[in-house]
Amino acid sequence: MKFLDKLERKIGHLAIPRLMLYIIGGYIIGYIINYTNPNVLSYLTLEPYYILHGQIWRIVSWLLIPPSTGIIWAIIMMIFYYQLGTALERTWGVFRFNLYMFGGFVFTILGAFLLYGIYYVAGGGPVLIGGYFSTYYINMSIFLAFAVCYPDMQIMLYFIIPIKMKWLSIFYVALVVYNMIMTGWGGRMAIFMSLLNFLLFFLTTRNYNRISPKQMRRRAQFRAQAKQSASGNSGRISKHRCVVCGRSELDNPNLQFRFCSKCDGNYEYCQDHLFTHKHIKIQ
């Protein structure tokens, strides 16, 4: 997390706001191509053999290929994933959501070339493996990330059945495991590499509280209030500041500040939030 904080300070300005809007826009283009001239889709797949022979547009054009489904379910799918992606962007911030999504894209591309290399060496010649790789499991990684952040949120499955995200995510994980068992090694490589962004972003993060929606919102409010406080006190530096509300002794000389012994770290709170805040624990 500290590495991500440093990386965000250096290149955070390069992040693309509302990234899901562009991804869904790409799907719409893909559906238009599919219904007008479906043969064109064969020139858009992530096929390392053709990429190495000059068709470099395939490195990005595979993102336009939409999931194979009917138009009604396609519209529902695009709306659903747009809402999930937008919510994650608000929760994590633009930079972290960009990093998560582009991580999934890059890992999928690397997986395709790795699988091509393995088959090339084992089979003694070039082989076409583009059919294994798509955006299906990258979309699933969006759903799983949302389920981790909002496990108790309830949605209406098929617009009828109320179900919490955590239970639906268990079904998704079981589906992934089933697909990995039933498919071949090529399919397993595609599934693993497409979901590697999810595994790295969460399983290597020890402190889940720092990426929880409540904590991210608290940090954003703290930064905004701290900035406002600093501008209102002519640049004077405070000795104490509340983690929750951002107030310091410069805002009110009568405020009392104490460190919380139950939080993991040096977190200071004002008298109004010392006994009411949620304790920060490093897992």
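The following paragraphs examine the structure supplied in this document. The model shown is predicted, which means the values in this text are computed figures rather than measured ones.

**Concerning helix H8 (residues 165-182)**
Right, so step 1: For H8, with 18 residues, the first-to-last C-alpha span of 25 Å sits near the 26 Å given by 1.5 Å per residue.
Right, so step 2: Residues Met-165, Leu-168, Ser-169, Tyr-172 and Val-176 constitute the buried set of H8. Down the axis of H8, the sector holding all buried residues measures 100°, keeping them to one side. Exposed side of H8, more than 90 degrees from the buried face: Phe-171, Ile-181 and Met-182 are the residues found there.

**Focus on the packing of aromatic side chains**
What characterises a pair of aromatic rings is the spacing of the ring centres plus the angle enclosed by the ring planes.
Right, so step 1: Throughout the structure, instances matching the rule amount to eleven aromatic pairs.
Right, so step 2: Centroid distance Tyr-49 to Tyr-50: 5.3 Å. Interplanar angle 70°. Geometry classified as edge-to-face.
Right, so step 3: An aromatic cluster of three or more residues is present, and its members are Phe-80, Tyr-81, Phe-143, Phe-171 and Tyr-172.
Right, so step 4: The ring of Trp-185 has Arg-188 lying over it, and the distance from NZ or CZ to the ring centre is 4.6 Å.

**Thoughts on the side chain of Asn-98**
Right, so step 1: Take Asn-98: it is sitting in helix H6 (residues 94-123).
Right, so step 2: Polar side-chain contacts of Asn-98 include one of 2.7 Å to the backbone nitrogen of Ile-16.
Right, so step 3: Here the side chain of Asn-98 touches Val-94 through a polar contact of 2.9 Å, landing on its backbone oxygen.
Right, so step 4: Excluding residues within four positions of it along the chain, Asn-98 makes contact with Ala-15, Ile-16, Leu-19 and Gly-103.

What counts and how
- Residues numbered from 1 in each chain as written.
- Predicted model: local features only at pLDDT ≥ 70, side-chain atom pairs only at ≥ 80, totals over all residues.
- Heavy atoms only, no water.
- Helix = DSSP H or I, 4+ residues; strand = E, 2+ residues; numbered from the N terminus.
- Expected span 1.5 Å × (residues − 1).
- Buried < 20%, exposed > 50% of the residue type's maximum accessible area, 1.4 Å probe, protein only.
- Arc of directions from axis to C-beta.
- Phe/Tyr/Trp six-rings, centres within 6.5 Å; stacked < 30°, edge-to-face > 60°.
- Lys NZ or Arg CZ within 6 Å of the ring centre and 35° of its normal.
- Polar contact = N/O pair within 3.5 Å; in protein donor to acceptor, adjacent residues only side chain to side chain.
- Contact = heavy atoms within 4.5 Å.

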